[in-house]
Structure formats: structure tokens, C-alpha cells
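Below, each chain spelled out in residue letters.
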Amino acid sequence: MQRKAFKAALVLVTASALVGGAAVTANSEPSEQYRNDQGHEGWYGGGNDIRNVIYMVGDGMGRTHVTAGRDRFYGAAGRLNMERLPVVGQVATYAVEKGSDKPALVTDSASSATAWSSGVKTYNAALGVDSYEKRVATLMEQAKAAGFATGNVSTAEITDATPAGQFSHVLLRGCQGPVYSDAACLPKNADGTYEAKPSDTTLITPVAEQIARNGTADVILGGGLARFEPDDQKALKDRGYQVLGSFGDAALPAQSAASQKVATKAELDAVRGGKVIGLFNRGNLTVEAAKAALPAGAPEKAEPTLSDLTTKAIDLLGKRNRKGFFLQVEGAQIDKRSHANDAAQTLGEIKAFDDAVAKAVEFAKRDGHTLVIVTADHECAGFNIIEKGSFTNAEAAAPPVNVDGGNTANNSTPSRSGGNTKDATRSTGIVNGAGSKDAKNFAPATFRTPDDPAGVVDGSPEASLWLTYLSGNHTGADVPLFAFGPGSQRYAASQDNTELYGKMYRSLFNRSPR
């Protein structure tokens, strides 16, 4: 089997460096009990020690994603589970340009993950390093070194940017594995050549190799089996992990779907304790809408839901020790299906993520010592709810009129005295209805809601929820935050994503990070 280039050079951060040698104790604050408008009870300020922190990321989930999910599944007067939490805030998400502190107003998932996991701004595509390529410690590493149990759960490949941000350090997020390449792992210079390899070769060690050898997370659940190889499985077993499924045949030069065996929900259900890694797809996990449409017996049916993964991770981490745990959970497909401008699958993934939020909050209510934070890394695609029967600029032959006949001082440049009419070639019908066979169609997708009369169906003009996208990429909009449990009042603010690191650090360690 071909050896990977940097396994032997993997550098681990020592426990003393991670926690600074300081004693770590649970954080307790004065009690301030609440009852919100739905009648739920909990703690703003505490009264109980904070022993566990569950950080939940709806990747790509902007404020409109939340509103659309609410309208779709609960109606205009309803609430998602995350919206029922008593503390609400918002988070700014910008990154910085490489080698500087100059803001890059639209972040990617890697720089955003580095911001909340390490408290530093970095360039897009960087994980666990600052904008000058200097390695920075992560909250999960620090929690693990201080004796907390740790977990990382995602519906994406576990080597993807959001989960990888807690337990790896690479110059480029594409350096996932299974093999090393300069193209995937080294940034380019202005002349197109690759940067020199850094002295810290961890920074160009594929994420899968780092995960398999650094022991940062006790419970690792997600996708991405194709990123790993048999020697990674051996490394994990040597560290005491139960490895669900199989990473492949060491006699083969490369692994395939035939040589590797994905983990299944049944295998996960059978786990009773200890450290575990379960990878349930060779790529990202299957979106719930597609999985539901598959016939019985399809292999994707054996994948657990995000709620399943969250529940199991909490159960396993709660058994690890009495000190507490830090768990990160990502609903990754909200972002990936927003990039694809697939509103139906996006809505389904919002619901799946929100169902997982409910599981985390149920535990927190029983436990009394658990802080739950629900937020996003960025907004994706400019998801919008438009008026029923209306249309977007993307469907129009010309943008809206911008001339004010009542006051010429209000006119805009360039002047448009006419416009805002549909272009029949760009708006050929509802994209999940009459226009579904037209790949060039910019019309909205429509969905029934609980407020609609019986007989109204998705894809019809009568459906009340009309959804559109601005682009296929991220936006720079602030994202919502919801929180529950002791210490949650700290998050009732307009805050930067780097501040989340400091607040979670204080919750776990009862002091500010140095």
C-alpha cells in the first residue's frame, strides 16, 4: 500500500500548552430562572454549574432559512424548536484576507469554523491557523486536554471544514485525504507557484490523518469514509476507539466502495460506551428528502439521522466522565443544498437540524448543567421569501422602476422609468412545478404550509410559501443565534463569531482565554 507522506510528522499539541497549566473548574453563576412565552422553563444565568456545552451549527443557515422552516412545518404563528429557546442573538461572520487583518466580508465555512473554535480571524479555506499561517489551538483540543469528554458530529464528511475546524490544522481545507497533494494542501503564490512547505508539517497533513492520530474527539460521527485508509483504522484502534464499519483492505493500493464498509445505525445503536468513530457514507450523508424516497433495503436507509447521531453522542459523552463534555453538532446539508438552490431539500435539512436541536435541549432540561448554543457559520445563497404571485429580478426583463414622479430628488442613477416585467425565457413556471424541466428557469419554488387549505400542494401557485435564491454562494449577512441553559444570557447580543470562542471557553473553564 502506498504510504502517505506526512503521517510520521504529525505534531500534537501538549496538554500543558492547551490549557496553560491553569486549574479548570465548572462555571457557576447566580440563578435567574425564566419561563418563556411558550411556557418552557430554564436558566438564563445559571444557578447550576455549567458542565457541558453543546454547540450546534446549521451550516449556511441564515435568518430567512429559519423563518422558511417555521412557515413550512409549523405555520406563520408556530415556532421551530430553536426559536423556542429563551436567548436570541446574532453573529457577524466576516473573514480576513490572507496575511493581513483586512476584512473579507463573506466567509467560507473554514475561516468561520476557525473563528469560533480558536477565537481568531483567518483567511477563507484556512483551518486552525491564523491569517499568517500560524497554528492556533482549538476549544475542543483545550477541552480534551483539560479532562472533558469531547465529540464531533456532522452530516458532512467528518473531514469537511466545519467539523475539521475543531480537530485539525491545515493551510487549505481541501487537504482532507486520503493522499497528499500540493494542489490540495499548499496555497499558491501570486505567480501561480505553490508556497514552500511549512516547517510545521502538520499544516499539510491531510485532515483524515490528523483525526485518526490526535485523539481530540472521543466520539466522531459523520460521513467521509473515502477519506480514510486501513492504517487510519489501525491508528484509531491503537488509541482505544471502536471503529464501526471498515476502512478497507490494507493489501490494496487504494480503497473503493467495494473494499470499505460504511457504518450503520444498527452498529451505532449497539455501542454502549467508550470512544467511537462511525462514518456512515463514503461522502456526505444522504439528505433526508432523498433518503425517504428510496426503496426499502437501499443502503442509505441504514444511515442514522442527525437526531440519532446527536442523541447517541450525548449519551456516550455523558458516560465518559463526571467532569463534563464539549460536543459540536453540524447540520451540514442546509448549506450544501442552498448552494444547489434546491429549496425542497434545504427545507428538509432545516427540519432535520431543528429536530436534533430538540434532542439536545431535552437533555439540557433534564440535566440542568448543560449550555446549548444554536447558530450558523454563515448564510448561504441569499435565501428569500417573496410575496405570493410575485417575481424576482432574476426573472425580469429589466430591474424595477427607480424614478419617483412625486419628487425627482429621489430618482436613482442609472434611471429606469420602466421595467419590472417578467422575461418569459427566464421565468417559465414554478421550479418545483410547471417549470421543473427547464434548467434555465429562475422562477421561485412554492410550498404548502399548515396555514394553507386542504388540497394545496407544493409546486402550485396556490401554495403560500414562495422561495427564491440570490446566488449559489455565501453571503455576508449576520446569522441568528439561539441559546438555552446556564450562562446562555451571554449570547443575547450582537457579537462577532470570534467572541463565541471566548464565551464557550469561559463556560467550560470559568476564566477568560489568555
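It should be noted that the structure appears before, not after, this text.
Residues numbered from 1 in each chain as written. Predicted model: local features only at pLDDT ≥ 70, side-chain atom pairs only at ≥ 80, totals over all residues. Heavy atoms only, no water.

*Asks:* Before we move on, can you summarise the overall build of the protein chain with the specific residues and values?
*Replies:* Per the secondary structure count, the protein chain includes 14 helices and 19 strands. For the protein chain, whose C-alpha radius of gyration is 24 Å, the value lies close to the compact-globule estimate of 24 Å for 514 residues. In terms of its C-alpha atoms, the protein chain occupies a principal-axis envelope of roughly 70 × 55 × 55 Å. Within the protein chain, counting contacts between residues at least 6 apart in sequence, those at least 24 apart form 70% of the total. Of the roughly 20100 Å² of accessible surface on the protein chain, a fraction of 51% belongs to carbon and sulfur atoms. With 54 positive and 56 negative side-chain charges, the protein chain shows a separation of 5 Å between the mean positions of the two kinds. (Helix = DSSP H or I, 4+ residues; strand = E, 2+ residues; numbered from the N terminus. Rg over C-alpha atoms; globule rule 2.2 N^0.38 Å. Contact = heavy atoms within 4.5 Å. Areas by Shrake-Rupley, 256 points an atom, 1.4 Å probe, with all protein chains shown as cover. Lys, Arg positive; Asp, Glu negative; His and termini not counted. Charge placed at Lys NZ, Arg CZ, Asp CG, Glu CD.)

*Asks:* Any chance you could break down the packing of aromatic side chains for me, citing the residues and the numbers?
*Replies:* One pass over the full model with this rule turns up seven aromatic pairs. On the numbers, 5.3 Å between centres and 50° between planes, the contact of Tyr55 with Trp116 is tilted. With Tyr55 in strand S3 (residues 52-58) and Trp116 in helix H3 (residues 109-118), this pair connects stretches of sequence that are 61 residues apart. Exposure remark for Tyr55: the relative accessible area of 0% places this residue in the buried category. Three or more aromatic residues joined by ring pairs form one cluster here, namely Phe148, Tyr501, Tyr505 and Phe509. Geometry around Tyr94 places Lys121 over its ring, the cationic atom sitting 3.6 Å from the centre. (Phe/Tyr/Trp six-rings, centres within 6.5 Å; stacked < 30°, edge-to-face > 60°. Buried < 20%, exposed > 50% of the residue type's maximum accessible area, 1.4 Å probe, protein only. Lys NZ or Arg CZ within 6 Å of the ring centre and 35° of its normal.)

*Asks:* Hey, could you go over helix H14 (residues 497-509) for me, with residue numbers and the actual values?
*Replies:* Spanning 13 residues, H14 covers 19 Å between terminal C-alpha atoms, matching the ideal 18 Å at 1.5 Å per step. Burial within H14 is extensive, with ten of its 13 residues counted as buried. The positive-phi residue at the C-terminal boundary of H14 is Asn510, with phi of around 60°. (Expected span 1.5 Å × (residues − 1).)

*Asks:* An account of the state of the cysteines is needed here, citing residue identities and associated values.
*Replies:* Any covalent bond linking the sulfur atoms of two cysteines counts as a disulfide. Within the structure shown, the criterion is met by one disulfide. The residue that forms a disulfide with Cys175 is Cys185, at a sulfur-sulfur distance of 2.0 Å. Here the S-S torsion is close to 85°, and the disulfide linking Cys175 with Cys185 is therefore right-handed. Of the two residues, Cys175 is situated in the loop between helix H5 (161-167) and helix H6 (182-185) and Cys185 in helix H6; the sequence distance between them amounts to ten residues. For Cys175, a relative accessible area of 0% gives the class buried. (Disulfide = S-S within 2.5 Å.)

*Asks:* Would you mind going over the packing of helix H2 (residues 63-74) against helix H13 (residues 343-367) in detail, with residue names and values included?
*Replies:* H13 packs onto H2 with a crossing angle of 90° between their chain directions and a minimal axis gap of 9 Å. The orientation of H2 relative to H13 falls into the category roughly perpendicular. Across the interface between the two elements, His65, Ala68, Gly69, Arg72, Phe73 and Tyr74 from H2 touch Thr346, Leu347, Gly348, Ile350, Lys351 and Asp354 from H13. Looking at the contact of H2 with H13, its residues break down into five nonpolar, four polar and three charged. (Axes fitted to C-alpha atoms, helices over the stretch in contact; angles between N-to-C directions. Parallel < 35°, antiparallel > 145°, perpendicular 65-115°, else oblique. Nonpolar A, V, L, I, M, F, W, Y, C, P; charged D, E, K, R; others polar.)

*Asks:* Give a detailed account of the pattern of salt bridges, specifying residues and quantitative values.
*Replies:* Inspection of the entire model under this criterion finds 20 salt bridges. Residue Lys261 is joined to Glu267 by a salt bridge in which the shortest nitrogen-to-oxygen separation is 3.5 Å. Overall, the relative accessible area of 25% leaves Glu267 in the partly exposed class. The salt bridge involving Lys265 is made with Asp269; its shortest N-O contact spans 2.8 Å. Here the residue Lys265 and the residue Asp269 both occupy positions in helix H9 (residues 265-270), the gap between them amounting to four residues, near one helical turn. (Salt bridge = Lys/Arg side-chain N within 4 Å of Asp/Glu carboxyl O.)

*Asks:* Can you break down the sheet that holds strand S15 (residues 445-447) residue by residue, with the values?
*Replies:* Here three strands make up an open sheet; going across it, the order is S14-S16-S15 and the pairing antiparallel. Where the open sheet ends on each side, the last strands, each with one partner, are strand S14 (384-386) and S15. The average undirected angle you get between the axes of adjacent strands in this sheet is 40°. One ladder, built from three bridges, connects S14 with strand S16 (residues 465-468); its direction is antiparallel. Looking at the pairing, Asn384 lines up with Thr468 of S16. Its contacts with the sheet place H2 against S14, S15 and S16, and it is angled at close to 55° to S14. (Pairing = 2+ DSSP bridges.)

*Asks:* Can you explain the environment of Glu330? Please cite residues and give values.
*Replies:* Structurally, Glu330 is set in strand S11 (residues 325-331). Residue classification places Glu330 among the buried positions, given a relative accessible area of 2%. The spacing of Glu330 and Ala149 is 181 residues in sequence and 18 Å in space, taken between C-alpha atoms. Excluding anything up to four places from it in sequence, Glu330 contacts Val57, Asp59, Val153, Ser154, Thr155, Ala156, Thr162, Pro163 and Leu306. A distance of 3.1 Å separates a polar atom in the side chain of Glu330 from a polar atom in the side chain of Thr162. (Polar contact = N/O pair within 3.5 Å; in protein donor to acceptor, adjacent residues only side chain to side chain.)

*Asks:* How would you sum up the side chain of Glu195? Please name residues and give values.
*Replies:* Along the chain, Glu195 falls in the loop between H6 and helix H7 (207-214). Side chain to side chain, Glu195 and Lys98 meet in a polar contact 2.7 Å long.

*Asks:* Describe the sheet that holds strand S9 (residues 242-243), with residues and values.
*Replies:* An order of S9-S10-S8-S7-S11-S3-S12-S18-S4-S19 is seen for the ten strands of this open sheet, with the pairing classed as mixed. Every other strand in the sheet has two partners, leaving S9 and strand S19 (494-496) as the edge strands with one partner each. By the bridge criterion, seven bridges tie S3 to S11 in an arrangement that is parallel. Counted as the bridge partner of Asn52 is Phe325 from S11.

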